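Structure assessment
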Amino acid sequence: MGTLKKPAHIAIYLHCLFNGGIEQVMLNLTRNFVARGVKVDLVLNFPGALFLWDFPPSVRIINLEAEKILTRVPKLARYLRQEQPTALMSANHYANEIAILAKHFSGTPTRIVVSDHTHLSQEAGSNSPLSFKYWSPAIARLLYPRADGILAVSQGVAEDIAARTGLPADRIQVISNPIETERVIEKSKEPVDHPWFNPPELPVILGVGRLEKQKDFPSLINAFAKVRQARSTRLLILGEGSERSRLESLISELGLENDVKMPGFVKNPFAYMARSAVFVLSSAWEGRSVVLGEAMTLGTPIVSTNCPSGPYEILDRGKYGELVPVGDSEALAQAILKVLSGQTKPADPAWLAQFNLEGTAQKYLDILGITDCGFRSAVPVK
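Counting restarts for each chain, with residues numbered from 1 along the sequence as it is written. Only residues with pLDDT of 70 or above have their local features reported here, since the model is predicted, and side-chain atom pairs are shown and tallied only from 80 upward, although totals for entire chains, interfaces and linings are computed over all residues. Only hydrogens and water are removed before side-chain values are computed, so all heavy atoms of the structure are retained for them.

1. Regarding the packing of aromatic side chains
Threshold: Centres within 6.5 Å are what make two rings of Phe, Tyr or Trp a pair, Trp counting through its six-membered ring; a difference in plane orientation under 30 degrees is then read as stacked, over 60 as edge-to-face, and the rest as tilted. Counting from the N terminus, the helices are DSSP H or I runs at least four residues long and the strands are E runs at least two residues long. Think of it in three bands: with a 1.4 Å probe and only protein chains considered, a residue is buried below 20% of the maximum accessible area for its type, exposed above 50%, and partly exposed in between.
Summed over all chains, the structure comprises 3 aromatic pairs. Centroid distance Trp53 to Phe265: 5.7 Å. Interplanar angle 55°. Geometry classified as tilted. With Trp53 in the loop between strand S2 (39-44) and strand S3 (60-63) and Phe265 in the loop between strand S10 (260-264) and helix H10 (269-275), the pair connects residues that are 212 residues apart, well separated along the chain. Take Phe265: its relative accessible area is 24%, and that puts it in the partly exposed class. Residues Tyr320 and Trp351 carry aromatic rings whose centres are separated by 5.8 Å and whose planes lie at 45° to one another, so their mutual orientation is tilted. Taken together, the positions of Tyr320 in the loop between helix H12 (311-314) and strand S13 (322-324) and Trp351 in helix H14 (residues 349-352) put the pair 31 residues apart, joining distant regions of the chain. For Trp351, a relative accessible area of 23% translates into the label partly exposed.

This is the structure:
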């Protein structure tokens, strides 16, 4: 009698869970991996906002209890020695560097794949030299060559990694962020518990993202103030973060308290997207925005900054949405008014096919070295 084959075992290592795009990407991938019969561990330094995310019940949540930076490498190395997953994928700095070091000290054969979801040099340059983030490019240059696989979510991110680390371009694989299309469409049909949509009285401009410097919501709010001078409309920003008080002060200074609302993180932003007149991405930098692809999937008109990097690629050089300069609230306002006047650029279904979760998940499995996980086609996890 033969022995039963053990399922492939993937560990996904994140700093913690918050209300961002990386979490959404990992949730989409995890659901697909589980449907393929893969054993998945979600390894976290500490849980963070775990309650915001509905990971499949079979996913093991591993809390390293490593809030202190110096404890993370030894605790992750101990996890690798004890569990010996087939592969471990980390996301962004410093999870990537910690994963590489933990593999080195663990002495295990686990394949380490690091993934970059943001523009490394832009993020580093926005911080003080006294900050760890400022030194991210130098640390990546030192450690990335030790990774078994390096993944970037856009061509722009890949080029930035190559430039900052000196690695050859063929060492970095570009894989688009996956979108669970059927689930996004299904969730978009759910009711929205917000008075601006029940029934809709004025068109709603929607922004979604962490309330952090990177997302540059001040430019969106200033642009909205200009839009309001031309026509009646409202602005809704979904998300939470450290910039909330600053944004609330700006809204108050501009006298927009009745027309701008920030209700915080919502579990189902798709229902809001589907009912909004325009979706706006005002970011100063990105990796490859997940929400842009989701908004395109739902047919919501898009206005985006042409930030490094991602929007230019996702919107096919502006073919499927308006692209404006970073930090230019006047250009942002004019683009929003253009869309509100009915000048939209819906995406071709053939273009949207690149975001397909099934195909994207297979590319992830390939770089993770998972060649046989039971079956090739996944049934969505409900």
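2. A closer look at the packing of helix H5 (residues 136-143) against helix H6 (residues 155-165)
What counts here: Orientation is described by axes fitted as lines to C-alpha atoms, over the contacting stretch for helices, and by angles from 0 to 180 degrees between their N-to-C directions. Working rule for angles: under 35 degrees goes down as roughly parallel, over 145 as roughly antiparallel, 65 to 115 as roughly perpendicular, anything else as oblique. Contacts are assigned to residue pairs with any non-hydrogen atoms lying within 4.5 Å of each other. Note that Gly is not counted as nonpolar here; it falls among the polar residues with everything else outside the nonpolar set of Ala, Val, Leu, Ile, Met, Phe, Trp, Tyr, Cys and Pro and the charged set of Asp, Glu, Lys and Arg.
One can describe the packing of H5 onto H6 by two numbers: an axis separation of 8 Å at closest approach and a directional angle of 80°. Our classification of the angle between H5 and H6 gives roughly perpendicular. Judged by residue contacts, Pro137, Ala140 and Arg141 of H5 engage Ala163, Arg164 and Thr165 from H6. Per-class residue counts for the contact of H5 with H6 are 3 nonpolar, 1 polar and 2 charged.

3. Considerations on the pairing of strand S5 (residues 111-116)
Which entries qualify depends on this criterion: Pairs of strands are assigned from DSSP output, requiring at least two bridges between the strands. Crossovers are marked right-handed if the path from the first strand over the helix to the second runs clockwise, as seen with the strands pointing away from the viewer.
For S5, the tally of buried residues reaches 5 of 6 residues, placing the bulk of the element in the interior. Bridge count between strand S4 (residues 87-91) and S5: 5 bridges; the pairing is parallel. Within the sheet, the bridge partner assigned to Ser90 lies in S5 and is Val114. Taking the sense of rotation as the criterion, the β-α-β connection linking S4, helix H3 (residues 95-106) and S5 turns out right-handed. Here 4 bridges tie S5 to strand S6 (residues 149-152), and the two strands are oriented parallel to one another. Across the sheet, Ser115 pairs through a bridge with Leu151, a residue of S6.

4. A closer look at the sheet that holds strand S9 (residues 234-238)
Spatially, 6 strands are ordered S10-S9-S8-S11-S12-S13 in an open sheet, and the strand pairing comes out parallel. A strand with exactly one partner marks an edge of an open sheet, and here the two such strands are S10 and S13. In this sheet, neighbouring strand axes are inclined to one another by 20° on average, regardless of whether the strands run parallel or antiparallel. Inspection of the sheet shows S9 paired to S10 by 3 bridges, in the parallel sense. Bridge pairing in S10 links Leu238 to Gly264. The strands touched by helix H13 (residues 329-340) are strand S8 (204-208), strand S11 (278-281), strand S12 (302-305) and S13; relative to S13, the strand with the most contacts, the crossing angle is about 170°.

5. Details of the confidence of the model for the chain
In low-pLDDT segments, the atomic positions of the prediction should not be examined closely. This is how the line gets drawn: The quantity known as pLDDT measures the predictor's confidence residue by residue, on a range of 0 to 100.
In the predicted model, the chain carries a mean pLDDT of 92, and the fraction of residues at 70 or more is 93%. The model gives residues 374-382 a pLDDT under 50, and that stretch makes 22 contacts with residues more than four places away or in other chains.

6. Things to note about the nonpolar core
Cut-off, in case you're wondering: In this description, a nonpolar core means a group of buried Ala, Val, Leu, Ile, Met, Phe, Trp, Tyr and Cys residues linked to one another through side-chain atoms lying within 4.5 Å.
Of all hydrophobic cores here, the largest spans 67 residues; its most connected members are Tyr13, Leu29, Phe33, Leu76, Tyr364 and Leu368. The residues touching Leu29, leaving out its near neighbours within four places in the chain, are Met89, Pro178, Leu357, Ala361 and Tyr364.

7. Details of the sheet that holds S2
Read from one edge of the open sheet, 7 strands run S3-S2-S1-S4-S5-S6-S7, paired in parallel fashion. What marks the edges here is a single partner per strand, and that holds for S3 and strand S7 (172-174). This sheet shows a mean twist of 25° between the axes of neighbouring strands, independent of strand direction. By the bridge criterion, 4 bridges tie S2 to S3 in an arrangement that is parallel. In the sheet register, Leu44 faces S3, and the bridge partner there is Asn63. Here helix H1 (residues 21-35) sits on the sheet and contacts strand S1 (9-14), S2, S4 and S5; the angle it forms with S1, its principal contact strand, is near 170°. Where H3 meets the sheet, it contacts S1, S4 and S5, and its direction lies at approximately 170° from that of S5.

8. Things to note about the pattern of salt bridges
To keep it simple, the criterion reads: Only one rule defines a salt bridge in this text: a Lys or Arg side-chain nitrogen within 4 Å of an Asp or Glu carboxyl oxygen.
One pass over the structure, following the stated rule, counts 18 salt bridges. Two residues, Arg234 and Glu201, come together in a salt bridge whose shortest N-O distance is 3.9 Å. Residue Arg234 is located in strand S9, and its partner Glu201 is located in the loop between helix H7 (181-188) and S8; the two are separated by 33 residues in the primary sequence. Residue classification places Arg234 among the buried positions, given a relative accessible area of 14%. As a salt-bridge pair, Glu248 and Arg244 come within 3.1 Å of each other at their nearest N and O atoms. Here the residue Glu248 and the residue Arg244 both occupy positions in helix H9 (residues 244-253), the gap between them amounting to 4 residues, near one helical turn. Judged by its relative accessible area of 18%, Arg244 falls in the buried class. Within the structure, one salt-bridge network assembled from shared partners comprises Asp41, Arg60 and Glu83.

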